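Residue strings, one per chain:
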Amino acid sequence: MLTSQRVITGSRRKGVRTFFASAGRAQQRLVILGSGWGGYEILRAIDKKRWNVVIVSPSNYFNFTPLLASCSVGTLEFRAAVEPVRRYTPEVISYTAWCDSIDFKHKKLVCMPATAPVRFAGSSQPSGSRDVNERASSIDGSMEKFQLTYDKLVIAVGAYNQTFNVPGVKEHAHFLKDIRDARRIRTRILECFEQANQPTITDADRRKLLNFCIVGGGPTGVEFAAELHDFLHTDLKRHYPALARMAKINLYDVAPVILGGFDTGLQEYATSKFKREGIRLLTQHHVERVEAGRMFVPEEGEVNFGLLVWSTGLAPNPLIQSISEAKKDERTKRSLITNENLNVIMRDTNEPDPDVFAIGDAAMIENEPLPATAQVANQQAKYLTRKLNRLVRSGRADPAPFKFQNAGSLAYIGDWEAIFDRTKAARGPKGKETGRLAWLLWRSAYFTKTLSVRNKILVPMYWFLNWIFGRDLSRF
C-alpha cells in the first residue's frame, strides 16, 4: 500500500486511457495472478509496505481444497474451507477478473472482469471511467477489458479440470475443485434423495437416481467416495432408511489401481477397505460419452446415475494456452517451463525472464518434474515470497534454487480411517500408517494447515457438532 501522498495525473494514448499513481517513495508493482495455494500464500506473506501489490483472480477467496470433499456432504460448512482475499485490502489491490493475455515485452496485462457486466442506460463507452484503485486503465472500444502494468509478475493461475474431450462431461458431470462445486454436489445429493422419496416413481427409477458415480481414482475421487459413504451410512440411513439401502457408489478409473501415487501396500489397503464397505471399484474402465442421467462405458454399457463426479486430472489454463513467448512443457501443454529459481524461460532467448515467475500447476521446473499437488505450490510460494522480500529490502535476490521437500501424502478412506504415506518423505521418519491413527494424523494435519484463526476454530467446531447432532439435510 502506498503510505505517502499520491499525485494522480491522466493521459491519453491511442486506444488506451491510463492513470498514473506516483508516490514520494517509489514502490515496484507486484502483480499476482491467481488466489490458489501459490498465489494466496504469496499474498499473505509478501511485504506489503515495500511492494505495491495487486492480485487478479476470478475468485475473491482461497479454496482449502483438502476439505472440499467434506464440505460436499455437510461434514463441514462451506465457510470453513475458504479464506477471503479481501482480508488484505486496502493494503493490497484486488480485482475479481481473469487475465486474458500478457505482453512480456511491455510488461502489460489485459484482464477481463469475472463479475457480471454493468449495463445501465446510457453506458456505451468507457471514456468516462476511472479506476478507484488508481492501478488499472480502461481500453477504448471495450466496455469490459482493462489493462495493468507490472514490475514483477507471479503467474499462479493453476489448471482446469481435465475431461479428455469426452462428450457431455462439462454439461452433465460435477467437478470438485472449488467451493462452488462442493455446494452444487451437496445440493444434488439431497435432491436425488428427495426425488427418490416421491411416491410417484418406480423402484427402478429410484435405483437409477441413487446410483452415484465417480470417475477418477486419485485422492480427490477416493476421498469423495469415502465421505459420501459415511454420509449414506449415517445421516441418510437414519432419515431415509429404505432409500439408503438402494444407494450405490461406483468408482471408475482407467488405471489398474486406485491412488496411483501412493505406496503399493496402501493402495491394497484402501482397495480392500472399499470392497468391504460395498463401494464398487471399476478399474481399467473407460467412459465413452456422458448424457443427462447416463454415461456409456464400453466395459459395462449404459450406466444410469443420479450424480456423476468427474476428477481425472488437470487441463491447461486458457491463459497458459495463450502464451506463445515462453517455453512450455511439450507433453502436457499446461505448464510454463521455469528455471530452478522459478523464473519463466522465454522461447526466443532460452533465458529466464528476471521479472516473471510461475508456480504451482501452471509451472514446471526444467528437467525436474514435480507432482501437481498443493504442497508443491505452497512450498514454491514460500520460497518465492522470501526471495521477493529479500529483493525489495536489500536489492539482492537470494540465488539459492528451489528445492521441494516432500512431506508425505494423506487420503481419507471412510469410517474414521485414512492412509498416510511417508515412504518418499524428504525429512523425518519414513514409513506408512493406516487406520484410526492415520485418520488422527489426517485431521490434525489439515487442522494445523488451516490458515486463519477463524477457520482453526470453525473446522474442529463443525467436526464436533456433526459428530454430536449429525449433518444438516436441509436443501436450499
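Bear in mind that the values here come from a model prediction, so they are computed numbers and not experimental data.

The rules behind the values
Residues numbered from 1 in each chain as written. Predicted model: local features only at pLDDT ≥ 70, side-chain atom pairs only at ≥ 80, totals over all residues. Heavy atoms only, no water. Buried < 20%, exposed > 50% of the residue type's maximum accessible area, 1.4 Å probe, protein only. Helix = DSSP H or I, 4+ residues; strand = E, 2+ residues; numbered from the N terminus. Pairing = 2+ DSSP bridges. Right-handed = clockwise from strand over helix to strand, strands pointing away. Axes fitted to C-alpha atoms, helices over the stretch in contact; angles between N-to-C directions. Contact = heavy atoms within 4.5 Å.

Caption draft 1: Structural context of the pairing of strand E4 (residues 51-57). When you tally the buried positions in E4, you get 7 out of 7 residues, the bulk of the element. Taking every second residue as pointing to the same face, both faces of E4 are buried, with Trp51, Val53, Ile55 and Ser57 on one and Asn52, Val54 and Val56 on the other. Pairing between strand E3 (residues 28-33) and E4: 6 bridges, direction parallel. What sits directly across from leucine 30, in E4, is valine 53. Between the parallel elements E3 and E4, the chain passes through helix H1 (residues 39-45) in a crossover that is right-handed. Relative to strand E7 (residues 93-103), E4 runs parallel, the two sharing 4 bridges. Looking at the pairing, valine 54 lines up with isoleucine 93 of E7.

Caption draft 2: Quick peek at the sheet that holds strand E13 (residues 211-215). Pairing is parallel across the open sheet formed by 4 strands, whose spatial order is E15-E14-E13-E19. Strands at the two margins of the open sheet, each flanked by one partner only, are strand E15 (280-283) and strand E19 (307-310). The sheet shows a mean angle of 15° between the axes of neighbouring strands, direction not considered. Sheet analysis places E13 next to strand E14 (residues 248-253), joined by 5 bridges and oriented parallel. Residue cysteine 213 lies in a different strand from E14, and its bridge partner there is asparagine 250. Across the sheet, helix H6 (residues 219-239) is in contact with E13, E14 and E19; its angle to E14 comes to roughly 175°.

Caption draft 3: Structural view of the sheet that holds strand E17 (residues 294-297). Sheet architecture is open: 3 strands sit in the order E16-E17-E18, paired in antiparallel fashion. Looking at strand neighbours, the two that pair on one side only are strand E16 (289-291) and strand E18 (301-304), the edges of this open sheet. Averaged over neighbouring strand pairs, the angle between their axes works out to 25° when direction is ignored. Pairing geometry for E17 and E18, over 4 bridges, is antiparallel. Within E18, the position partnered with methionine 295 by the bridge is valine 303.

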